[in-house]
Structures are given as C-alpha cells and as structure tokens.
Amino acid sequence: MLLVQENAAGVDIDVPEGYVMKPEDRPTAEAPVAPIPLIDIGLLSGEMSKADGSGAEETAKLRLALESWGILMVTNHGVEPCVIDAMCSASREFFQRPLEEKMKYSQAADGEKYEDYHQGYGSKELKLEHKSTRDWVDRMFLQVEPQEHRQLQLWPESFRDILHEFFVQQSSLVNKRLLPAMARLLGFDDDFFGEKLRGRALIFARLSHYPSCPRPDLVLGVKSHTDATIVTVLMVDNNVSGLQVQKDDVWYDVPCPTDPHALLIFVGDNTEVISNGAFKASVHRVVTNAQKERTSVAMFYVPIPEEVAPTNDLVNDSILDGARK
Ligand SMILES: O=C(O)CCC(=O)C(=O)O
Ligand SMILES: [Fe+2]
C-alpha cells in the first residue's frame with residue numbers, strides 16, 4: 001500500500017518495502033546537534049577529584065547528563081586506545097567477510113538459544129520486532145557474562161581475545177568509576193548499582209554494521225528504543241555519525257566523538273526504574289547514510305529482573321518531587 005502511495009507521489013523506492021518506515025517515524029533531513037557532555041571520568045574517582053575542584057565540575061556534568069539526556073561521552077576511562085582500535089578493526093573485518101563465512105556464526109546455524117536470547121550473527125534478538133519494520137543493520141550478538149554461558153563456537157577466533165579484553169577493561173570502567181559515581185549522586189554507597197550486577201547479571205555484546213543505504217529518508221538503521229539495561233557502553237565509529245537521541249519529542253544528532261577513543265554511555269530502563277525516575281533512560285535510534293557504512297560495538301549490562309525495582313529510600317527524596325508531580 002505504502003509503495004503504491006509513494007509511487008503515485010512520483011518517488012522511487014529502491015529499498016525493500018519491509019524497511020520503509022511509516023511517514024511519522026521517518027528521520028528529518030536536518031537534526032540539531034545534541035550537547036552531549038564530554039566527561040573526564042578519571043576525575044570522578046579517587047583523590048584526583050579533590051585536587052583542583054575539576055572533579056566537582058565533572059560531577060555536575062554527570063548529574064546533568066543522567067537527569068536529562070540519559071547519555072554521556074567519557075574520556076580517561078581506562079580502556080586502552082589500542083584495545084578500542086583493535087575491537088573496531090576486528091568488528092569491521094568480520095562484517096566485510098563473504099556471507100557464507102559470516103553464516104558459520106549464524107543464530108540459525110546454531111539453533112540453540114539461552115534464556116530467550118539468540119546469540120550469533122543475524123537479527124533475531126530483538127524479540128518484539130518480528131512484525132514491525134526492519135532495521136537496516138547486520139549484527140553479531142554474544143553473551144559475555146556469566147562466562148560459563150559464553151557460546152565460544154559463535155565467537156570468531158579473530159576477535160575472541162580482543163572482545164574479552166575489551167570487556168574486562170570496560171567492566172572496570174563501569175564497576176569502579178561509572179556506577180560508583182552514579183550511586184554517590186543519589187546519596188548511596190559506591191556499591192549500590194554494582195551489587196545489582198553481581199551474581200546472575202547478564203552482559204551482552206552487540207556488534208552492529210550499518211551498510212550504506214540508498215534511502216536514508218525512508219529507512220532507519222535502528223528504530224527508536226531504550227535499552228533494557230542498567231547502563232550500555234557504546235563504542236561508535238569515529239568517521240560516520242548516525243546515532244540520534246530524543247529529548248522533549250525532538251531528535252538530535254549525536255556527533256562523532258572529537259576524541260576517537262571516547263566511549264558513549266546510555267542510561268538504561270533499569271536505572272530509570274531503580275532511581276525512581278531521577279535518572280532518565282536514553283531514547284535513541286540510528287539513521288542511515290547514503291554514502292558511508294558505519295560500525296558500533298555496544299555492551300549491555302543487564303541485571304536479573306528481581307534487582308529491578310524502585311528504591312524505597314528514594315521515595316521521599318526531594319530530587320524526585322518534581323518527577324512525581
Ligand atoms: O549503533 C549504535 O550507535 C546504537 C546501537 C543501539 O542502540 C543498540 O544496539 O541498542
Ligand atoms: Fe540501543
């Protein structure tokens with residue numbers, strides 16, 4: 001029906017119908033640039049934070065990011081630049097392989113799924129999506145934690161070691177720097193969020209490859225969503241933008257980081273619930289690009305459902321009064 005309408009309007013559609021978004025969900029040609037704060041996260045932890053007051057400045061930026069945009073960019077995060085570069089190259093190399101090579105790691109080939117998550121190469125893991133418009137993206141989805149649930153036969157040897165190292169360094173950023181700083185902002189002990197991720201928490205990696213798309217005006221790389229996580233850490237392509245965040249019903253472009261080794265952090269749904277709405281989950285999507293392909297690597301920190309509940313201690317907290325009215 002849509003194709004007929006579009007053809008009647010004299011517009012050529014050269015992408016399959018299943019990818020064409022409803023008119024109200026299509027991206028606009030121009031979007032304002034989101035003022036995503038760049039936070040030196042090293043200044044938020046330990047003795048460095050007190051030396052010259054810059055820790056207070058970074059803390060204020062973190063508070064603003066968590067309470068309004070749900071997204072921040074961090075530097076001085078402890079993940080080595082060579083590890084980021086290697087992860088990025090390994091991811092690009094994988095998606096450039098011929099289809100039959102990639103299919104060796106496919107979700108369908110393995111058939112097995114763990115706790116309803118489809119691991120491997122493909123696009124099945126977005127469970128709610130089956131009947132909706134398709135995303136213009138190829139993905140590799142792998143469970144990283146708990147380690148005994150890794151399906152290593154689905155981890156290409158070319159990036160097995162580097163994905164592990166990337167995860168180890170990144171989880172130190174999350175557990176030692178980010179989550180303690182978030183907890184302190186709410187007046188809790190450093191361990192408040194971290195303890196929700198211990199034990200049976202699930203951590204997943206999603207490598208995404210967005211091929212260039214002839215119709216960025218009609219098609220999205222990933223539709224609007226929030227992540228069902230405490231936080232998501234995202235390594236984005238530093239040559240091609242595409243990520244957008246929504247605030248007050250307006251979509252904003254997230255610029256490529258000026259520091260190529262900066263990492264993006266999303267606040268996930270679980271944090272919004274646990275913080276009683278004090279911290280906002282980021283609503284985001286990815287637009288496509290007619291000329292360039294794009295790669296990203298996301299790491300999702302997912303607690304077990306029992307850990308996700310509004311925190312009683314926050315119910316009378318003044319920070320929340322505005323949110324409840
Ligand atoms: O590729 C990106 O920049 C974002 C991907 C994303 O939002 C996701 O995988 O949940
Ligand atoms: Fe996401």
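Each remark here, short or long, concerns the structure printed above.
Residues numbered from 1 in each chain as written. Chains lettered and ligands numbered in written order. Predicted model: local features only at pLDDT ≥ 70, side-chain atom pairs only at ≥ 80, totals over all residues. Heavy atoms only, no water.

1. Examining the sheet that holds strand β3 (residues 120–122)
- Pairing in this open sheet of eight strands is mixed, and the strands run β1-β2-β10-β7-β12-β5-β4-β3 from one edge to the other. Edge positions in the sheet fall to β1 (38–40) and β3, since each has one partner strand and no second. Each adjacent strand pair in this sheet contributes to an overall mean axis angle of 25°, direction not counted.
- Note that strand β7 (residues 231–236) and strand β12 (residues 294–302) share six bridges and pair antiparallel. When the bridges of β12 are listed, Val231 appears paired with Tyr301.
- Sheet strands touched by helix α4 (residues 81–96): β3, β4 (138–145), β5 (202–210), β7, β10 (263–267) and β12. Its angle to β5, the strand with the most contacts, is close to 60°. (Pairing = 2+ DSSP bridges. Helix = DSSP H or I, 4+ residues; strand = E, 2+ residues; numbered from the N terminus. Axes fitted to C-alpha atoms, helices over the stretch in contact; angles between N-to-C directions. Contact = heavy atoms within 4.5 Å.)

2. Considering unusual backbone geometry
- Residue Pro146 follows Glu145 across a cis peptide bond; omega there is -5°.
- Tracing the sequence through the fold places Pro146 in the loop between β4 and α7 (157–185).
- Unusually for a residue other than glycine, Asn276 sits at a positive phi of about 55°.
- Structurally, Asn276 can be placed in the loop between α8 (269–274) and β11 (283–287).

3. Points about the coordination of the iron ion (ligand 2)
- His225 (NE2), Asp227 (OD) and His284 (NE2) make up the full set of protein donors to the iron ion (ligand 2), lying at 2.1 to 2.3 Å.
- In primary-sequence terms, the residues that donate to the iron ion (ligand 2) follow H-x1-D-x56-H. You can see Asp227 sitting in the loop between β6 (220–225) and β7 and its partner His284 sitting in strand β11, a full 57 residues away along the chain. (Donors = N, O, S within 2.8 Å, 3.2 Å for Na, K, Ca; no water.)

4. Observations concerning the pairing of strand β2 (residues 71–75)
- For β2, the buried fraction is high: five of the five residues fall into the buried class.
- Burial along β2 is two-sided: the residues Ile71, Met73 and Thr75 and Leu72 and Val74 are all buried.
- Pairing analysis gives three bridges linking β1 to β2, with the strands arranged parallel. For Asp40, the partnering residue across the bridge sits in β2 and is Thr75.
- With four bridges joining them, β2 and β10 adopt antiparallel strand pairing. Considered in β10, the bridge of Ile71 is made with Phe266. (Buried < 20%, exposed > 50% of the residue type's maximum accessible area, 1.4 Å probe, protein only.)

5. Quick word on the packing of aromatic side chains
- Across all of its chains, the model carries 10 aromatic pairs by this definition.
- Site record: aromatic cluster; members linked through ring pairs are Phe94, Phe95, Tyr105, Tyr121 and Phe159.
- Against the face of Phe192 rests Lys196, its NZ or CZ located 4.8 Å from the ring centre.
- For Lys247, the ring lying beneath its charged end belongs to Trp69, and the centroid distance is 5.4 Å. (Phe/Tyr/Trp six-rings, centres within 6.5 Å; stacked < 30°, edge-to-face > 60°. Lys NZ or Arg CZ within 6 Å of the ring centre and 35° of its normal.)

6. Side note on the environment of Val33
- Here Val33 lies in the loop between α1 (2–8) and β1.
- Each C-alpha atom of the pair Val33 and Ala262 lies 17 Å from the other, and the pair is 229 residues apart in sequence.
- Not counting the four nearest positions on each side in its chain, Val33 is found in contact with Tyr252, Asp253 and Pro255.

7. Here we look at a negative patch on the surface
- Where like charges cluster on the molecular surface, the negative patch consists of Glu80, Glu157, Asp161 and Glu165.
- Looking at where Glu165 falls in the secondary structure, it is placed in helix α7.
- Classification of Glu165 by relative accessible area gives partly exposed; the value is 32%. (Patch = residues over 30% accessible without salt bridge, like charges linked within 9 Å, V, L, I, M, F, W, Y side chains within 5 Å. Areas by Shrake-Rupley, 256 points an atom, 1.4 Å probe, with all protein chains shown as cover. Salt bridge = Lys/Arg side-chain N within 4 Å of Asp/Glu carboxyl O. Lys, Arg positive; Asp, Glu negative; His and termini not counted. Charge placed at Lys NZ, Arg CZ, Asp CG, Glu CD.)

8. Overview of the site of ligand 1
- Near ligand 1, the surroundings consist of Arg206, Tyr210, His225, Asp227, Leu234, Leu243, His284, Val286, Arg294, Ser296 and Phe300.
- Take Ser296: an N or O atom from its side chain is 2.7 Å from an oxygen atom of ligand 1.
- Relative to its free-state accessible area of 300 Å², ligand 1 is covered by the protein chains to the extent of 99%.
- Mapped by element, the contributors of at least two residues to the shell around ligand 1 are β5, β11 and β12.
- By residue number, the principal contributor to the shell around ligand 1 is β12, which donates three residues.
- When grouped by side-chain class, the residues that make up the shell around ligand 1 number five nonpolar, three polar and three charged. (Near = heavy atom within 4 Å. Polar contact = N/O pair within 3.5 Å; in protein donor to acceptor, adjacent residues only side chain to side chain. Nonpolar A, V, L, I, M, F, W, Y, C, P; charged D, E, K, R; others polar.)

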